[in-house]
Amino acid sequence: MPRLSEVIAALDALWPPASAEDWDAVGTVCGDPDQEVSRVLFAVDPVQEIVDEAVKLDADLLITHHPLYLRGTTTVAASTFKGRVVHTLIKNDIALHVAHTNADRADPGVSDALAGALDLRVVRPLVPDPADADGRRGLGRVCELDHPLTVSEFAARAAERLPATAQGIRVAGDPEALVRTVAVSGGSGDSLFADVRAAGVDAFLTADLRHHPASEARAHSPLALLDAAHWATEWPWCELAAAQLDEISDRHGWDLRVHVSKTVTDPWNSHSPSPGAPN
């Protein structure tokens, strides 16, 4: 069995920590570099129910997309929910490793997995990484559909292909407009509107779209907006990342058992449509 330090070195080659945003907190949160690793669990959120799942699975390593501590802390007391997560992990000899914006920028990365789930052909990054001479890494992806769909048909495809959530897919735009090109960005994407407009695509699928940025984007152009749940746009990366680690394990003869959590950790758990609201 490999040691944690060996597995982390392989993960850092996939998602270099140096490529993360300056404000981000990626890397190993807890874990002994010399401990052996035989079972790994991937998930989006390092919340207590995921940690409890890792305990039941007898995992040695939990890899999440979202950081546990993004803005720092002065305590890991078990009286706090994040401290309780840390205590549970350490008591059960489970390491926690985070790949966040470094996984967003990777090739392949979070938005590649999102595009794959929607059967889109990736053309290029939406915001290329200037450090990548090959032009393959960066935030978001510009994609093409295999054949044109209306906005409503593309929204239906997204609702069917992405994990089910209470939100589903919200749409802004003409339902009958044709979509041939799409920009996608896993997670919160309304900071990328200028890049999306510059890309000249027909639609933008992302998450966490706020009222004012979405309203202004619609005023700028006929761009269709598809707003999915944050968790749902990033969960496909867990399957991609697990497959990447499986391949590394086979290549090195590690015989890791790699799992993907199917626990829905989207915080919204129900939805009541307004009577008479548009479908």
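Please refer to the structure higher up on the page.
Analysis parameters
- Residues numbered from 1 in each chain as written.
- Predicted model: local features only at pLDDT ≥ 70, side-chain atom pairs only at ≥ 80, totals over all residues.
- Heavy atoms only, no water.
- Helix = DSSP H or I, 4+ residues; strand = E, 2+ residues; numbered from the N terminus.
- Expected span 1.5 Å × (residues − 1).
- Buried < 20%, exposed > 50% of the residue type's maximum accessible area, 1.4 Å probe, protein only.
- Pairing = 2+ DSSP bridges.
- Axes fitted to C-alpha atoms, helices over the stretch in contact; angles between N-to-C directions.
- Contact = heavy atoms within 4.5 Å.

Before we go on, may I ask you to explain helix H9 (residues 230-252) in this structure?
Each α-helix turn comprises 3.6 residues. Residues three or four places apart therefore point the same way. Here H9 spans 34 Å end to end across 23 residues, near enough to the 33 Å set by a 1.5 Å rise per residue. Just past H9, the residue Gly 253 takes up positive phi, approximately 70°.

Would you mind showing me how to read unusual backbone geometry here?
One can expect most non-glycine residues to show negative phi and most peptide bonds to be in trans. Asp 107 connects to Pro 108 through a cis peptide bond whose omega is 0°. Residue Asp 93 is not a glycine yet carries a positive backbone phi of 55°. For Asp 93, the position within the fold is in the loop between helix H3 (81-91) and strand E4 (95-98). With phi around 60°, Asp 208 is a residue other than glycine that occupies positive phi space. Within the element layout of this structure, Asp 208 appears in the loop between strand E9 (203-207) and helix H8 (211-220). You can call Asp 208 partly exposed: its relative accessible area is 35%.

Help me understand the sheet that holds strand E2 (residues 39-43), please; the structure alone is not making it clear to me.
Backbone hydrogen bonds hold the strands of a sheet together, and the pairing may be parallel or antiparallel. Spatial strand order, E1-E4-E3-E2-E11: five strands in an open sheet with mixed pairing. Of all the strands in the sheet, just strand E1 (27-30) and strand E11 (257-260) have a single pairing partner and so form its edges. Averaged over all neighbouring strand pairs, the angle between strand axes comes to 25°, with direction disregarded. Relative to E4, E1 is paired through three bridges, and the arrangement is antiparallel. Within the sheet, the bridge partner assigned to Cys 30 lies in E4 and is Leu 96. Lying on the sheet, helix H2 (residues 48-57) is in contact with E2, strand E3 (61-64) and E11; it crosses E2 at an angle near 160°.

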